[in-house]
Amino acid sequence: MSGKMNRRNFLKVMGWSSAGVALTGCDMPTTITLEEGKEDVVSYVMPEEYVIPGVGVWYASTCTQCAAGCGIHGRVREGRVLKLEGNPDTAVNNGKLCMMGQAGVQGHYNPDRITAPMVRNGGSLTPISWHKALAMLEEKLGATSGDRFAWFTGTISGHQSVLLANHLDAMGSTNHYVHEVVNNAVSRAVNQDMLGEANPRLRLDKAKMIVSFGADFMGASQSPVQYAGQYAKFRTNKARGLLVQIEPKMSLTGGSADLWLAIKPGTEAVLALGMANLLLNKIKVSDAGIPADVRTLINSYDITKVAQTTGVAGHRIQRVTQLLTERSPSLVLAGASVEGQAQGYAATAAIMMLNHILGNVGKTIESAGEFPFPQLMARQGGTADLVAFAEAAKAKKLEAVIFHGSNPVYTAPKSLGLTEAMSNIGFKVAISQFPDETTMAADLVLPVDSYLEDWGTQVPADQSEGTAIHVQQPLMEKLNAETKGLGDILLSLLKQRKKDEYGQFEDYYAYLRHAFAAMPTSVKGDAKNDEAFWNAALQTGVIKVNGNAKDLQSTVVSFAAPVVDDSTGLTLVPSPRLGLFDGRHANLPWLQEAPDQISKVVWDSWVEMHPATAAKMGIGNLDLVKVSSAQGSVTLRVVLLKGMHADAVAIPLGQGHEAYGRYAKGLGVNPLQILDATTDSKTGELAMYSTRVTVKRVGPADSLSLVRMGTGAGDSQVGRKLVGTVPVEQVRRTEGT
Amino acid sequence: MSLDNILNHWSDYRKGSEEGGHHDYEHRWAMAINLDLCIGCNACSTACYAENNLAVVGKERFEKGQAMHWMRIERYWDQQELEHPEQGASFLPMMCQQCGAATCEPVCPVAATYHTPDGLNAQVYNRCIGSRYCSNNCPFRVRYFNFYSYYESAWPEPMEQQLNPDISVRDKGVMEKCTFCVQRIRTVKDKAFMEDRPVQDGEVVPACAQACPTSAIVFGDTMDEGSMVSKLWKKHQVERGVYQKTRHAKKNADLRGYRIFEDLNVDPSVMYLERVREDI
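This structure is a prediction, so every number in the text was calculated from the model and none was measured.

Enquirer: How should I be thinking about the confidence of the model for chain A in this particular structure?
Expert: Do not read the predicted coordinates in detail wherever pLDDT is low. Mean pLDDT for chain A: 91, with 92% of residues reaching 70 or above. Every residue in residues 18-42 of chain A is under pLDDT 50, and counting partners more than four places away or in other chains gives 31 contacts.

Enquirer: I tried to follow unusual backbone geometry on my own but got confused; where do I start?
Expert: Most peptide bonds take the trans configuration, and most residues that are not glycine carry a negative phi. Of the consecutive residues Ser 328 of chain A and Pro 329 of chain A, the connecting peptide bond is found in the cis state with omega at 0°. By secondary structure assignment, the location of Pro 329 of chain A is in the loop between α11 (314-326) and β12 (330-334). For the bond from Glu 157 of chain B to Pro 158 of chain B, the omega torsion is 5°, close enough to zero to count as cis. With respect to the helices and strands, Pro 158 of chain B occurs in the loop between α5 (151-154) and β7 (175-177). Non-glycine residue Gln 98 of chain B carries a positive phi angle of around 45°.

Enquirer: Quick question: what am I supposed to make of the pairing of strand β25 (residues 648-652) of chain A here?
Expert: Along a regular strand, successive side chains alternate from one face of the sheet to the other. Residue and element names in this part refer to chain A. Counting buried positions along β25 yields five of five residues, so the element is predominantly enclosed. Of the two faces of β25, the one lined by Ala 648, Ala 650 and Pro 652 and the one lined by Val 649 and Ile 651 are each fully buried. One ladder, built from five bridges, connects strand β20 (residues 570-575) with β25; its direction is parallel. When the sheet's bridge partners are listed, Leu 572 is paired in β25 with Val 649.

Enquirer: How should helix α5 (residues 158-171) of chain A be read in this particular structure?
Expert: In an α-helix, one turn spans 3.6 residues; hence positions three or four apart end up facing the same way. Residue and element names in this part refer to chain A. Spanning 14 residues, α5 covers 20 Å between terminal C-alpha atoms, matching the ideal 20 Å at 1.5 Å per step. Within α5, ten of the 14 residues are buried, which leaves it mostly tucked inside the rest of the structure. Of all the residues in α5, the buried ones are Gly 158, His 159, Gln 160, Ser 161, Val 162, Leu 163, Leu 164, Asn 166, His 167 and Met 171.

Enquirer: Is there a simple way to explain the domain arrangement of chain A in this structure?
Expert: How big an interface is tends to be stated in terms of accessible area lost as the parts join. All names here are of chain A. Entries for chain A in the domain assignment read domain 1 (118-181 + 375-447), domain 2 (185-366) and domain 3 (570-706). Computed over C-alpha atoms only, the centres of domain 2 and domain 3 are separated by 26 Å. Residue-level contacts link 28 residues of domain 2 with 25 residues of domain 3. Here the element with the most residues in the side of domain 2 that touches domain 3 is helix α6 (residues 185-195); it accounts for three residues. By residue class, the composition of the side of domain 2 that touches domain 3 is 15 nonpolar, eleven polar and two charged.

What counts and what doesn't
Residues numbered from 1 in each chain as written. Chains lettered and ligands numbered in written order. Predicted model: local features only at pLDDT ≥ 70, side-chain atom pairs only at ≥ 80, totals over all residues. pLDDT = per-residue confidence, 0-100. Contact = placed C-beta atoms within 7 Å. Helix = DSSP H or I, 4+ residues; strand = E, 2+ residues; numbered from the N terminus. Buried ≥ 20, exposed ≤ 12 C-beta atoms within 10 Å, placed from the backbone. Pairing = 2+ DSSP bridges. Expected span 1.5 Å × (residues − 1). Domains from an automatic or database assignment. Nonpolar A, V, L, I, M, F, W, Y, C, P; charged D, E, K, R; others polar.

Below, the structure is given as structure tokens:
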């Protein structure tokens, strides 16, 4: 052993430091002999005796296509990974995988991957050797004082997160900006205040009724496969679950609702308070635990006024509220269209309060407990960090920034002024797989392995059953000799700062082996030895840990009264799609060619409007229109859909890339660009769903320019029984549900 | 199978189908798709692209109707008279229904599409001459023709490394369609044969059913009475055979099982279960 490392420091390096509970009784050595662990990284796809040519073998790993962290099995044949499926050993996705996960192989084999390190030379990026690139990093980062250095990433967890945090520490910086466009940051803040846990377990499967205010839990959510699986149980339970979806634009989840209600954008909190009023004052549910100011606020929302403000019919509100008391336990959810309001925190809190009133806390919202290894937990992001980052860049507070797993140049609204402020950052490093917008703006580009070539651990933030660490292992040899794993790059950076602690690890694999060997015995269970434990972890892809669940109690917090903008006009809904997501998957051709679930458009952007709204403005289906906000405008084609509130227009996210390879570049428009920079005062999150826009017709319909799948006959079944629908009463008779 | 042959044997062909077909079937692969669980998410469709070497054709060719999505999700709006679709959308996963009395089979001039002892409508790519009669004759519109050599642009290097070596990449002039993942069926049957045992229920899982996040798709052998799919068909009183037979079979018309275009007498192998909605 080269350096002298004490036990505490060792744990910190390895990511196992904890509040102490998990290590009780653990037989940890204070020093580790490193000689034993020395071995080469041997890919599992090197011809081994047990590999039969022509026969596919499935290996476990973890998906990183979104932050959900689903377990996967990859089919490997003759050294190539061919097909990904869900890992049935994981509770998160239970053997299933969504379209984004399926398309992971197209990212891995993408023809536009970056294959060599590049440095900005004059105006353009030119190839450079890894040796020189790392030397340059050492020089530049060494000359940067701690608080002027930052990491900018997407959601990151597991041992990569440990190394990243330790690198920041070594740099003397605390600047880790974590950014996700599709996030639940406001809900996390509300949950933290009301439940004491940011990510409680949502149990849709235990609910008899779900009322979702814009929560697209099966679509662009934090864990779409997990919640779709729970939804299946919810629907097949005896006494079939009832889903009511309330939102300004029909989401994928809204498409499966028993009752879909269009609501005027920005009035969800008013509806929630109206429902609370009915519950407390008419149905006489107990108001225990509700602060006096909130109680007074609730009293002022009578049903007539609420119906008028929200555009939801009074009898609907009464019926839904009544059913919520009859179908207990229920679950009330708030999603992006609520969180992304100028008063997103207050609106989300008003909706979450309904769970408290209805007694759902502890029944359909359970404690996730305390994850025993806080260092490994997911660092989840939102848009507040994007705003803060733009401010810091504008104020010239940042000298060197490393970007990974996020594309802020593409996702930041123009109004944040980030694109211009990027030039204030002297040294921008992108650890990147693709030439996306942020990478193309970097000074140094480090090509990273795909997740199917890399080692790692992931800790999904949303785990409704059990608590587990998911293991990521390479499913094949690197496609490009010049790419490096994220962990290996992090380790190189740490070696530059803390040679004595990290110099002993030849590579990230060696680091992980030691981290696993150092895992507390409480986690290792009855594995015979470290080797057996490591092999078992790779085989199943899952390490189960004790989540220390506890009873969940709710405390209703005071929140501001909703402010309703009475001015007429249209509100822009920048809707994320399961598929292209926030734009990160626009370079995967399967997902470009997969028709949007609701509008059925492929390979393009479009704006969705209600036919009545369009008719008033003289706009017809597929007309070319200009959608303008105070920040700018985009020009695109209209798709008329009735799954829209008359005061909302929706432009799906994902397109409008100015870079990002052959499949993404130059297609459609990016609605994020024209968003206002308004933020929620409580959380600092961008109010992405509050930008007012005008729509103006600029050209006639042209069926050739917007391509949609099978949209003849007004999308009607024209009397044929293609999709039969039956009332639930009939099924209760025949199937007893 | 010449035109004469078809005309001379047409009634035999239909009769054969009504009485269980020409074959001594070894298996009759079938599906049950619960539309109440289908959320229209496209997981099945994308899994199908990954498993079956389906070419991405691009925007222009998609517009001309050349998309190769063997498994597609159709989306319908009911309640068109309302201001909003209050009961959401109607999603329909649609792929080859592997009909027992398939209309595509008898019209093929070269017998490139034929009925297998597994009850599948097989497509012999090497035999196909691209007449497209089968596609014209398919009431479900689930046959896809290679108007071009899509592979020239669909898999730029190194994407071709993802191609599934178990099945071919089709070239210009050839018809293709859903095979119920015949390569997976083959692998399982071979394994069972080597181990000298029957194929177990649940052993064959097509890519779509495997991916489905809500497990809406159940696949299996209707000749195996213990199989999940047999039980579902039985529970919903949907039987093999043509309309005259199935109409009498269904004693309880309220049961959710149905086959699309039942009255065309094509004996599809896919049973759908009606979507359920609670009117509140």
